Amino acid sequence: MSALTVAERSRFGLLAVAIIVGSIFAVMVLPIWLAAMVTLALIVLVGVPYWQQLHRSRNSRRVFVAAEAADTGEPVLKVENASKVFGGLVAVDGVDFEIPQASIVSIIGPNGAGKTTFFNMLTGLYRPTTGRLRYYGIDITDERPDVITSYGIARTFQNIRLFATMSALENVMVGQHARMNASLFGSILRTPSVRHEEQAVMEKAGEMLEYVGLKRETFGQLAINLSYGDQRRVEVARALASDPKLLLLDEPTAGMNPQESARFTEFVHKLRDEMKISILLIEHDMKVVMGVSERVTVLDHGQKIAEGDPREVRKDARVIEAYLGKRESQEQHA
Amino acid sequence: MSEAIRRFGPAAIGVAVALYIFDKIEMDPFMSVVIIVLGLAAWLLADTKYSKWIGVAILVWAIVLPLFHDSGQGFIDDANIMLAYVVMALGLNIVVGFAGLLDLGYVAFFAFGAFCMGWFGSSFFAGVNDGEGIHIFVSDLVSQQAGIHANFLVVVIAAVIITAMAGALIGLPTLRLRGDYIAIVTLAFGEIIGRVAINGDSIGLGGGETLTAGRQGITPVDKIDLPFVDVFQSLNLRPWYWTALAMVLIVLFVNFRLRDSRLGRAWIALREDEVAAASMGVPLVRTKLMAYATGAAFGGISGAFLASYLNTVNADQFQFSFSIFVLAMVILGGLGSIWGVTVGGLVLAFIINTFIPDIARSWPRDVGLDFDLTEISFAIFGFLLVIMMILRPEGLIPERRRQIELHEGIGGGEGTDLYEARV
């Protein structure tokens with residue numbers, strides 16, 4: 001994480017000097033306990049708001065740094081030799097992987113190939129055992145999930161993980177958490193800035209829900225009462241609400257019929273073109289994979305076995321082997 | 001006819017019981033009628049456009065209430081303690097109800113708040129400043145005494161800061177834990193603070209001062225001294241009542257504001273699904289510590305008030321059972337439901353503090369049994385909880401979300417499926 005800027009450091013120094021001078025002055029003219037109180041008050045009244053300001057700017061700086069790096073043409077995400085080992089099990093084994101800007105990439109592979117583990121590594125839920133993750137060239141390997149989200153990587157889950165007892169709208173509002181500034185005291189006092197922010201967040205949540213195709217009358221419904229398709233939509237809206245530059249979708253068409261899948265394929269293209277974001281999918285449905293992705297990466301037993309254009313990958317001998325088994329063994333069975 | 005009985009039977013029984021109790025606690029007859037009318041109105045008109053006016057009416061009633069009662073003891077005395085307990089219940093509601101972090105050591109924050117009052121508002125540290133004492137914005141009355149004497153407001157601020165820090169401290173070791181394990185760590189923390197309070201009379205601070213006064217208690221403690229009003233007296237309890245009421249209103253206000261804020265949503269998200277919340281940009285550590293600190297701060301405020309009101313800071317007050325008592329208020333009222341917890345706090349505090357010792361105490365003897373109802377007060381208390389869990393597990397006034405969780409079997413994160421499979 002980047003350190004303080006020079007301007008911030010000098011302002012911080014000035015502040016410290018002010019507090020020290022203030023407290024020395026207080027010690028000279030006041031009894032000791034009153035001076036201690038004055039010092040404490042100085043720290044609380046001046047230091048805390050400043051610290052909060054610093055925290056706020058750090059949050060927005062992440063977005064800024066990412067936006068600057070984006071201009072250099074770095075890939076959105078670059079995974080270098082990433083592995084994840086659980087005890088004796090190697091779930092992901094030395095994968096190199098890249099997502100170019102504004103592209104749609106799929107990861108496929110048989111069950112247990114390590115796709116979801118790979119996803120969890122990208123979003124900070126698992127820490128890679130070896131390897132580095134670079135987001136627009138910034139090393140995010142050791143960051144927490146919420147920090148990664150604030151950089152601009154958002155995700156959905158394979159088995160829908162909405163906040164079941166919150167309404168659709170509230171779910172999407174939580175998605176904007178990293179983009180909000182309201183503090184504890186600000187929320188209690190409901191200062192004008194907090195009120196405006198709350199209003200803006202609610203409006204944006206509504207827009208997002210409309211964008212993913214939810215009907216306005218279902219906005220207030222609790223997530224648990226929504227239909228399966230709508231729950232999937234809300235999850236995508238919730239992820240989009242954090243203004244991501246990279247959207248990770250974990251089996252988004254699971255449980256959809258062919259028409260719905262086709263509509264979803266269109267939607268993914270629309271997302272990429274209108275929102276200018278890159279999309280990484282885990283997908284089982286070959287039709288969707290072929291229709292939507294520009295590049296496909298195939299994982300098997302945690303290793304990358306093929307990568308490239310969807311049509312070529314489909315013909316790759318190792319991919320066929322991974323999905324269907326070896327020729328000899330087939331013969332033996334026959 | 002049977003429909004009418006089913007509908008109004010419970011209400012009629014409720015009114016009868018209320019009238020009996022009001023008579024016993026010497027409630028003014030006029031006020032008794034008012035509270036019954038208000039209660040029925042609140043019951044019938046909840047969630048309508050009139051509910052706001054009911055709220056205003058109840059508030060006005062609560063403000064003028066002490067004027068109808070003897071200012072020295074009895075009813076107002078009980079009411080003050082009930083209100084102080086409601087403040088704690090609402091504080092715990094933030095931790096347990098909103099953020100879903102089961103806290104069994106809430107008594108620790110009561111202790112911290114009370115000791116803040118004991119340390120900074122009594123003659124306990126008699127040797128301080130060569131026996132001259134330290135005095136911060138206090139009346140002439142105590143400004144001659146030894147020890148540290150700070151104004152009540154100063155003590156409250158100190159209590160808020162100290163308990164919030166203690167809350168964050170207890171939060172730290174629980175951050176990697178979930179569910180029941182959090183409960184065990186907080187339980188241990190509460191016990192540690194209780195033990196330290198008891199044995200603190202052997203912990204020297206130098207100059208002959210000790211950390212606490214142990215079971216003897218720090219007494220007397222300064223009376224509340226607010227700006228622009230006279231120092232509170234132990235014979236006139238009305239100002240105490242209004243102070244406690246103001247504290248309840250403040251904590252209610254904070255509860256409502258936080259529930260509908262960025263932080264409140266993050267707490268609920270955290271309670272529902274930690275992994276999803278973290279992936280949506282909610283920082284787990286900060287958000288959890290915020291819940292602990294905010295909840296603890298109200299325990300501290302209430303503790304400081306009670307120390308001054310009861311005129312003692314006695315280590316025996318800080319028992320594990322008190323944590324359970326406050327938690328039971330939250331559960332009885334309805335986890336996460338602000339009005340529910342308020343009512344739950346009032347009801348339980350009333351049962352434990354007034355109903356059992358003052359009203360129902362002699363019932364067993366009246367029917368020829370050789371014991372006193374106060375001897376089995378915790379049994380009654382447990383019995384109430386069991387009945388409540390069977391009849392209405394979501395609490396007196398349930399929160400919408402919790403009701404769904406209980407009836408649809410969701411929430412609680414990943415463990416839920418396992419539990420269902422076992423049953």
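Coordinates for the structure precede this section.
Parameters and conventions
- Residues numbered from 1 in each chain as written.
- Chains lettered and ligands numbered in written order.
- Predicted model: local features only at pLDDT ≥ 70, side-chain atom pairs only at ≥ 80, totals over all residues.
- Heavy atoms only, no water.
- Helix = DSSP H or I, 4+ residues; strand = E, 2+ residues; numbered from the N terminus.
- Contact = heavy atoms within 4.5 Å.
- Areas by Shrake-Rupley, 256 points an atom, 1.4 Å probe, with all protein chains shown as cover.
- Buried < 20%, exposed > 50% of the residue type's maximum accessible area, 1.4 Å probe, protein only.
- Lys, Arg positive; Asp, Glu negative; His and termini not counted.
- Charge placed at Lys NZ, Arg CZ, Asp CG, Glu CD.
- Expected span 1.5 Å × (residues − 1).
- Pairing = 2+ DSSP bridges.
- Axes fitted to C-alpha atoms, helices over the stretch in contact; angles between N-to-C directions.
- Parallel < 35°, antiparallel > 145°, perpendicular 65-115°, else oblique.
- Left-handed = near helix turned anticlockwise from the far one by under 90°.
- Nonpolar A, V, L, I, M, F, W, Y, C, P; charged D, E, K, R; others polar.
- Buried area = accessible area lost by both parts, 1.4 Å probe.
- Salt bridge = Lys/Arg side-chain N within 4 Å of Asp/Glu carboxyl O.
- Polar contact = N/O pair within 3.5 Å; in protein donor to acceptor, adjacent residues only side chain to side chain.
- Phe/Tyr/Trp six-rings, centres within 6.5 Å; stacked < 30°, edge-to-face > 60°.
- Lys NZ or Arg CZ within 6 Å of the ring centre and 35° of its normal.

**Thoughts on the overall build of chain A**
A tally of regular secondary structure across chain A gives 13 helices and 10 strands. Each principal axis of the C-alpha atoms in chain A carries an extent, and together these give about 100 × 50 × 40 Å. Put simply, of all contacts in chain A between residues at least 6 apart along the chain, 69% involve residues at least 24 apart. As displayed, chain A has an accessible area near 16200 Å², and 57% of this comes from carbon and sulfur atoms.

**Some words on the overall build of chain B**
The helix and strand inventory of chain B stands at 17 helices and 4 strands. Along the three orthogonal principal directions, the C-alpha set of chain B runs to about 75 × 55 × 50 Å. For chain B, the residues scored as buried account for 51% of the 423 residues in total. Across chain B, contacts joining residues at least 24 apart in sequence account for 71% of those joining residues at least 6 apart. Approximately 19500 Å² of chain B is accessible, and the part contributed by carbon and sulfur atoms is 66%. In chain B, which carries 25 positive and 36 negative side-chain charges, the distance between the mean positions of the two groups comes to 10 Å.

**Focus on helix α7 (residues 180–199) of chain B**
Taking 1.5 Å per residue as the helical rise, α7 of chain B with its 20 residues ought to reach 28 Å, and the 29 Å between its terminal C-alpha atoms agrees with that figure. Taken together, the buried positions of α7 of chain B are occupied by Ile 182, Ala 183, Thr 186, Phe 189, Gly 190, Ile 193, Gly 194, Ala 197 and Ile 198 of chain B.

**Some thoughts on the sheet that holds strand β6 (residues 153–155) of chain A**
Residue and element names in this part refer to chain A. The strand order β6-β7-β8-β3-β9-β10 describes an open sheet built from 6 strands, whose pairing is mixed. Sheet topology places β6 and β10 (303–308) at the edges, where each strand pairs with a single neighbour. Geometrically, the sheet is characterised by an average inter-axis angle of 20° between neighbouring strands, direction not taken into account. Relative to strand β7 (residues 246–250), β6 runs parallel, the two being bridged by 3 bridges. Its bridge partner lying in β7, Ala 154 is registered against Leu 247. Across the sheet, helix α9 (residues 258–275) is in contact with β3 (104–108), β7 and β8 (278–282); its angle to β8 comes to roughly 150°. The sheet contacts of helix α12 (residues 317–324) involve β3, β9 (295–300) and β10, and relative to β10 the element is tilted by about 130°.

**A short note on the packing of helix α8 (residues 238–259) of chain B against helix α13 (residues 338–359) of chain B**
Residues and elements named next belong to chain B. The contact between α8 and α13 brings their axes to 10 Å, and the two run at 150°. Here α13 runs roughly antiparallel to α8, going by the angle between their axes. In this structure, α8 crosses over α13, and the sense of that crossing is right-handed. Here Leu 252, Asn 255, Phe 256 and Arg 259 of α8 lie close against α13, whose contacting residues are Ile 338, Trp 339 and Thr 342. Of the residues belonging to the contact of α8 with α13, the class tally is 4 nonpolar, 2 polar and 1 charged.

**Details of the interface of chain A and chain B**
Counting residues at the interface gives 34 residues for chain A and 38 residues for chain B. Across the chain A/chain B interface, buried area totals approximately 3500 Å², and carbon plus sulfur atoms make up 64% of it. Applying the counting criterion to the chain A and chain B interface returns 2 salt bridges. Residue Glu 198 of chain A pairs with Arg 265 of chain B through a salt bridge whose shortest N-O separation is 2.8 Å. There are 11 residue pairs in polar contact (both at pLDDT 80 or more) connecting chain A and chain B. Only α2 (32–71), α4 (145–151), α5 (168–175) and α6 (184–189) of chain A provide two or more residues apiece to the side of chain A that touches chain B.

**Thoughts on the packing of aromatic side chains**
Inspection of the entire model under this criterion finds 28 aromatic pairs over all chains. Between Phe 264 of chain A and Phe 267 of chain A, the aromatic rings sit 6.4 Å apart at their centres with planes inclined by 45°, giving tilted as the arrangement. Placement of the pair is Phe 264 of chain A and Phe 267 of chain A together in helix α9, with a separation of 3 residues, close to one helical turn. Members of the aromatic cluster, connected to one another through ring pairs, are Tyr 85, Phe 110, Phe 115, Trp 119, Phe 120, Phe 318, Phe 322, Phe 325, Phe 378 and Phe 381 of chain B. We note Arg 161 of chain A situated over the ring of Phe 157 of chain A; from NZ or CZ to the ring centre the distance is 5.5 Å. Across the ring face of Phe 163 of chain A, the terminal group of Arg 238 of chain A is positioned such that the distance to the ring centre comes to 4.8 Å.

**Structural notes on the sheet that holds strand β1 (residues 77–86) of chain A**
Residue and element names in this part refer to chain A. Pairing is antiparallel across the open sheet formed by 4 strands, whose spatial order is β2-β1-β4-β5. At either end of the open sheet lies a strand with only one pairing partner, and these are β2 (89–99) and β5 (138–139). Both β1 and strand β4 (residues 130–135) contribute to a ladder of 5 bridges, which runs antiparallel. Bridge assignment links Lys 78 to a residue of β4, and that residue is Arg 134. Each of β1, β2 and β4 touches helix α3 (residues 115–122); the most contacted strand, β1, lies at about 115° to it.

**Quick look at the packing of helix α4 (residues 75–98) of chain B against helix α11 (residues 284–310) of chain B**
Residue and element names in this part refer to chain B. The geometry of α4 relative to α11 is characterised by a closest axis approach of 6 Å and an angle of 165° between their N-to-C directions. It follows that α4 is roughly antiparallel to α11 by the angle criterion. Once α4 is placed against α11, the crossing between them reads as left-handed. Residues Ile 76, Asp 77, Asn 80, Ile 81, Ala 84, Tyr 85, Val 87, Met 88, Gly 91, Ile 94 and Val 95 of α4 form the contact with α11, whose participating residues are Ala 291, Tyr 292, Thr 294, Gly 295, Phe 298, Gly 299, Ser 302, Phe 305, Leu 306, Tyr 309 and Leu 310.

**Concerning the pairing of β3 of chain A**
All names here are of chain A. The element β3 is largely enclosed, with a buried count of 5 among its 5 residues. Across the two faces of β3 the burial is the same, with Ile 104, Ser 106 and Ile 108 and Val 105 and Ile 107 all buried. With 4 bridges joining them, β3 and β8 adopt parallel strand pairing. By the bridge assignment for β8, Ser 106 is matched with Leu 281. Alignment of β3 against β9, held across 4 bridges, turns out to be parallel.

**Here's the deal with helix α8 (residues 228–240) of chain A**
With 13 residues, α8 of chain A extends 19 Å between its outermost C-alpha atoms, agreeing within 8% with the 18 Å of an ideal straight helix rising 1.5 Å per residue. For α8 of chain A, the tally of buried residues reaches 10 of 13 residues, placing the bulk of the element in the interior. Every buried residue of α8 of chain A is listed here: Asp 230, Gln 231, Arg 232, Val 234, Glu 235, Val 236, Ala 237, Arg 238, Ala 239 and Leu 240 of chain A. Contact partners of the buried residues in α8 of chain A: β6, α5, α7 (192–211), β7 and α9 of chain A together with α10 (274–279) of chain B.

**A short note on the environment of Met 290 of chain B**
Summarising the element assignment, Met 290 of chain B is placed in helix α11. Between the alpha carbons of Met 290 of chain B and Ile 404 of chain B there is a distance of 26 Å; along the sequence they are 114 residues apart. Discounting residues that sit within four places of it in the chain, Met 290 of chain B has contacts with Leu 184 of chain A together with Leu 263 and Trp 267 of chain B.

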